[in-house]
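Working through the structure, step by step
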Amino acid sequence: MNRVVLMGRLTRDPEIRYSNGENALAIARFTLAVDRRFNRKDDQTADFITCKAFGKQAEFAERFLRQGIKVAASGRIETGSYTNRDGQKVYTTEVILDEIEFAESKAASEANRGSMGGAYQSAPAPMPNPMGAAGDGFMNIPDGIDEELPFN
């Protein structure tokens, strides 16, 4: 079975191309920086994994994905090789994606990108808590409102 599941951040905006012909197919290519879970020296390290998406997944990438956004993606590993201009054989490995999903909220993503050198706008200031002073998840309902409700 050839199945890969990744979670990481885009290193730059996706590169989008379209195939030739009547029914042009969108092709997205981007790199995910995936943190390594275990490290001997406690240094933060990441693997940089090349990903490709086709069709609707590529269109999703074009519309919504930007540098720094954290995504969860799944697909299959595809390997290949070619001979470069110097006559050396070069081996390639990339993940062909079937699914792409956001891995954090928009506010968390914007806050994270805002802390990445100021290249992005930071998240807006939080709104006052409408759920009451205790923040227990319940709204404060004024007394006497029961008579105004259309159902009992």
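So, how was this worked out
Residues numbered from 1 in each chain as written. Predicted model: local features only at pLDDT ≥ 70, side-chain atom pairs only at ≥ 80, totals over all residues. Heavy atoms only, no water. Core = buried A, V, L, I, M, F, W, Y, C linked by side-chain atoms within 4.5 Å. Buried < 20%, exposed > 50% of the residue type's maximum accessible area, 1.4 Å probe, protein only. Helix = DSSP H or I, 4+ residues; strand = E, 2+ residues; numbered from the N terminus. Contact = heavy atoms within 4.5 Å. Phe/Tyr/Trp six-rings, centres within 6.5 Å; stacked < 30°, edge-to-face > 60°.

Re the nonpolar core
Across soluble globular proteins, nonpolar side chains have a tendency to be buried as a group. With 19 residues, the main nonpolar core has Phe30, Leu32, Leu65 and Leu97 as its most contacted residues. Elements with a contribution of two residues or more to this core: β1 (4-10), β3 (26-35), β4 (46-54), α1 (56-64), β5 (70-83) and β6 (89-102). Ignoring anything within four residues of it in the chain, the contact list for Leu65 reads Leu10, Pro14, Phe30, Phe60, Val71, Ile100 and Phe102.

A look at the side chain of Thr31
Mapped onto the elements, Thr31 comes out in strand β3. For Thr31, the contacting residues outside a window of four places in its chain are Arg9, Leu10, Thr11, Arg12, Phe48, Ile49 and Thr50.

So, the packing of aromatic side chains
Each aromatic ring pair is characterised by the separation of its centres together with the angle its planes make. Counted by the stated rule, this structure contains three aromatic pairs. The interplanar angle of 80° and the centroid separation of 6.4 Å between the aromatic rings of Phe64 and Phe102 together place this pair among those described as edge-to-face. In this pair, Phe64 sits in helix α1 while Phe102 sits in strand β6, placing the two residues 38 residues apart along the sequence. Overall, the relative accessible area of 41% leaves Phe102 in the partly exposed class. Among the aromatic side chains, those forming a connected cluster through ring pairs are Phe60, Phe64 and Phe102.

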